[in-house]
Amino acid sequence: EAGVTQFPSHSVIEKGQTVTLRCDPISGHDNLYWYRRVMGKEIKFLLHFVKESKQDESGMPNNRFLAERTGGTYSTLKVQPAELEDSGVYFCASSSMLVGGVEAFFGQGTRLTVV
Amino acid sequence: SQQGEEDPQALSIQEGENATMNCSYKTSINNLQWYRQNSGRGLVHLILIRSNEREKHSGRLRVTLDTSKKSSSLLITASRAADTASYFCATALANDYKLSFGAGTTVTVRA
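Throughout what follows, the structure given in this document is the object of discussion. (Residues numbered from 1 in each chain as written. Chains lettered and ligands numbered in written order. Predicted model: local features only at pLDDT ≥ 70, side-chain atom pairs only at ≥ 80, totals over all residues. Heavy atoms only, no water.)

Here we take up the interface of chain A and chain B. Taken together, the 23 residues of chain A in the interface contact 24 residues of chain B. Contact between chain A and chain B buries roughly 1,900 Å² in total, counting both sides, with carbon and sulfur atoms accounting for 56%. Where chain A packs against chain B, one counts one salt bridge. A salt bridge links K98 of chain B to D56 of chain A; the nearest nitrogen and oxygen atoms lie 3.8 Å apart. Scanning the region where chain A abuts chain B turns up six residue pairs in polar contact (both at pLDDT 80 or more). Breaking the side of chain A that touches chain B down by element, the ones donating at least two residues are β4 (31-37) and β5 (43-50) of chain A. Partitioning the side of chain A that touches chain B into residue classes produces 10 nonpolar, seven polar and six charged. (Contact = heavy atoms within 4.5 Å. Buried area = accessible area lost by both parts, 1.4 Å probe. Salt bridge = Lys/Arg side-chain N within 4 Å of Asp/Glu carboxyl O. Polar contact = N/O pair within 3.5 Å; in protein donor to acceptor, adjacent residues only side chain to side chain. Helix = DSSP H or I, 4+ residues; strand = E, 2+ residues; numbered from the N terminus. Nonpolar A, V, L, I, M, F, W, Y, C, P; charged D, E, K, R; others polar.)

Right under this line is the structure:
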């Protein structure tokens, strides 16, 4: 069974540019999450999808971030325009049930560097 | 604010020694999970311990949970160079959809 896949693994962009991160969850997992780790600090929740619906996007930093989940399958996270403070590692995770009951499976992350 | 806080922030040990790190949290939880992140790699799930469990083992890993103290510990026995990584605890509330992570403990195992 394939795990959670994220693309790209690394991205270096200039301030003001746009970047789109992609996450393919484990097949059959309705719950998809985005997290971010900035500058070696704690890993912070960004948002949660159940199928194609956003359940909670309270962790999204600002309106420069837009997440979508087409047809309840893969998800994209777009940053437009990117700022220096957006640099960090973006993780995607999926689970079959809410994580209060089961483990979440994480992807390898996308390391975003804004210069 | 984040739920889990790991202690210590960094740990350096000799290969073969044991490594212990702790996690404290603030509110009642349904389960607590430990993850590992090797440099440049993704988060790997290690162990999930539920609120009604006190101890769990997986290979060279031992996790304890003390809900009265709202704390957990992760013990790695007979450490290896490959155990060099950052270790995170993450808590989940019942019927919740998100994990709350701490800043992690960076473990360095010297050969």
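In this section: the nonpolar core. Most often, soluble globular proteins keep nonpolar side chains buried together rather than apart. Counting residues in hydrophobic clusters, the biggest one holds 22 residues, and the most contacted among them are M21, L32, W34, L74 and Y87 of chain B. Only β2 (10-14), β3 (19-24), β4 (31-37), β5 (43-50), β7 (61-66), β8 (71-76), β9 (85-92) and β11 (105-110) of chain B provide two or more residues apiece to this core. If sequence neighbours within four positions are ignored, Y87 of chain B has contacts with E6, M21, Y35, R36, L46, L74, I76, G104, T105 and V107 of chain B. In this structure, I13, L21, L46 and F49 of chain A belong to the second largest nonpolar core, which totals 21 residues. (Core = buried A, V, L, I, M, F, W, Y, C linked by side-chain atoms within 4.5 Å. Buried < 20%, exposed > 50% of the residue type's maximum accessible area, 1.4 Å probe, protein only.)

Moving on to the pattern of salt bridges. Opposite charge on two side chains permits them to pair, given that their charged atoms come into close proximity. All names here are of chain A. Enumeration according to the criterion identifies eight salt bridges over all chains in this entry. The salt bridge involving D24 is made with R22; its shortest N-O contact spans 2.7 Å. Judged by its relative accessible area of 32%, R22 falls in the partly exposed class.

Quick look at the sheet that holds strand β3 (residues 19-24) of chain A now. Residues and elements named next belong to chain A. Read across the sheet, four strands follow the order β1-β3-β8-β7 without closing on themselves; strand pairing throughout is antiparallel. Strand pairing shows two members of the sheet lacking a second neighbour, β1 (5-7) and β7 (65-69), which therefore form its edges. Averaged over all pairs of adjacent strands, the angle between their axes in this sheet comes to 15°, without regard to strand direction. As paired elements, β7 and strand β8 (residues 75-79) share five bridges and run antiparallel to each other. What sits directly across from E68, in β8, is T76. (Pairing = 2+ DSSP bridges. Axes fitted to C-alpha atoms, helices over the stretch in contact; angles between N-to-C directions.)

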